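# Inside the fold
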Amino acid sequence: MKNILIINGHPNSESFNSAIHKAFKKGLATNGTYIIDEIKVADLDFNINLSKGYSSETIMEIDLIEAQEKIKKADHIVWIFPLWWGTMPALLKGFIDRIFVPGFAFKYHANSISSWDKLLKGKTTEIICTLDYPVLIFKLFMYEGGIKVMRRMIFNFCGLKSTQTTYLGPIRSSKLEQRNKWLKKVELMGARM
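Residues numbered from 1 in each chain as written. Predicted model: local features only at pLDDT ≥ 70, side-chain atom pairs only at ≥ 80, totals over all residues. Heavy atoms only, no water.

## Overview of the side chain of Ser174
Let me state the cut-off plainly: A run of H or I in DSSP counts as a helix once it spans at least four residues, and a run of E counts as a strand once it spans at least two, with each numbered from the N terminus. Think of it in three bands: residues with accessible area under 20% of the maximum for their type are buried, residues over 50% are exposed, and the middle band is partly exposed, with areas taken using a 1.4 Å probe on protein chains only. Residues adjacent in sequence count toward polar contacts only when both atoms are side-chain atoms; beyond that, a polar contact is any pair of N or O atoms within 3.5 Å, and within protein one must be able to donate a hydrogen and the other to accept it. We call two residues contacting when some pair of their heavy atoms lies within 4.5 Å.
Tracing the chain through its elements places Ser174 in the loop between strand S7 (161–168) and helix H6 (176–191). According to the relative accessible area criterion, Ser174 is buried, its value standing at 15%. A polar contact of 2.8 Å, which involves the side chain of Ser174, links it to the side chain of Arg179. Ignoring sequence-local partners within four residues, the contact set of Ser174 consists of Arg179 and Trp182.

Structure below.
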């Protein structure tokens, strides 16, 4: 059975992103061929600041150790988060900074500045992202900003193969009917995996 990990990166556990998380999980559950795990970053207890960078090892909180274990077991990772200032929220960035560390997500080769091992190779990943402006504007005039950074500079660097990105928006001006359509769409995405 394939292991699917859902990572909800919204800092507010009562946000629309939580409804998306539940809808996707519900869709996956109808299939019955997956082991489903989840991480709600807002519920974790950790310092988001990698204060010493990679110059020395930072003590890992138990929630981060458990998150790394879930990522290790996952075959496919689904990231759910809102787009804020063109990229992910600070909490999610801090989470990635703290767990995607050398020895877990990548390993530099000795005496080389341009080669490394991609330790998460063999896993696939996708993004479901909410935003407050029209999707076409984000794609055509903002060039998908922080999402491209996430796919190319984080996922690719660590060996994760990005399969798709789903944008839902604009959220702020959306009505209940539109939000329900988005939730149904996400549920169907989970069911069709």
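## Examining the packing of helix H1 (residues 16–31) against H6
Each pair of packed helices can be summarised by the angle the axes make with each other and by the distance between the axes. Operational definition: Simply put, an axis is a line fit to the C-alpha atoms, just over the touching stretch for a helix, and the angle between two N-to-C directions goes from 0 to 180 degrees. Take the far helix as your reference; a near helix turned counterclockwise from it by less than a right angle gives a left-handed crossing, and one turned clockwise gives a right-handed crossing. Polar here means any residue other than Ala, Val, Leu, Ile, Met, Phe, Trp, Tyr, Cys and Pro, which are nonpolar, and Asp, Glu, Lys and Arg, which are charged; Gly is therefore polar.
At a minimum axis distance of 6 Å, the contact between H1 and H6 shows a crossing angle of 35°. Between H1 and H6 lies a crossing whose hand is right-handed. In this structure, H1 contributes Phe16, Ala19, Ile20, Ala23, Phe24, Lys26, Gly27, Leu28, Thr30 and Asn31 to the contact, and H6 contributes Arg179, Trp182, Leu183, Val186, Glu187, Met189, Gly190 and Ala191. Residues of the contact of H1 with H6, tallied by class, amount to 11 nonpolar, 4 polar and 3 charged.

## Examining the nonpolar core
Test applied: Among the buried residues, those of types Ala, Val, Leu, Ile, Met, Phe, Trp, Tyr and Cys that are joined through side-chain atoms within 4.5 Å form a nonpolar core.
Within the largest apolar cluster, 36 residues are counted, with the highest numbers of intra-cluster contacts made by Ile7, Trp79, Phe95 and Phe100. Secondary-structure elements contributing two or more residues to this core are strand S1 (2–8), helix H2 (62–73), strand S3 (76–82), helix H3 (90–99), strand S6 (124–130) and helix H5 (145–158). Setting aside residues no more than four positions away along its own chain, Phe95 makes contact with Ile7, Ile39, Val41, Leu44, Phe46, Leu64, Ala67 and Trp79. Among the nonpolar cores identified, the runner-up in size contains 17 residues, and Leu28, Val78, Ile128 and Trp182 belong to it.

## Regarding the pairing of S1
This is how the line gets drawn: Two strands are said to pair when DSSP picks up at least two bridges between them. Seen with its strands pointing away from the viewer, a crossover is right-handed if its path from the first strand over the helix to the second goes clockwise.
Most of S1 sits inside the fold, with 5 of its 7 residues counted as buried. Summarising the sheet, S1 and strand S2 (residues 34–40) pair through 7 bridges and their orientation is parallel. Within S2, the residue paired with Ile4 across the bridge is Ile36. Assessed by its sense of winding, the connection that carries the chain from S1 through H1 to S2 is right-handed. In terms of strand pairing, S1 meets S3 through 5 bridges, oriented parallel. Bridge pairing in S3 links Leu5 to Ile77.

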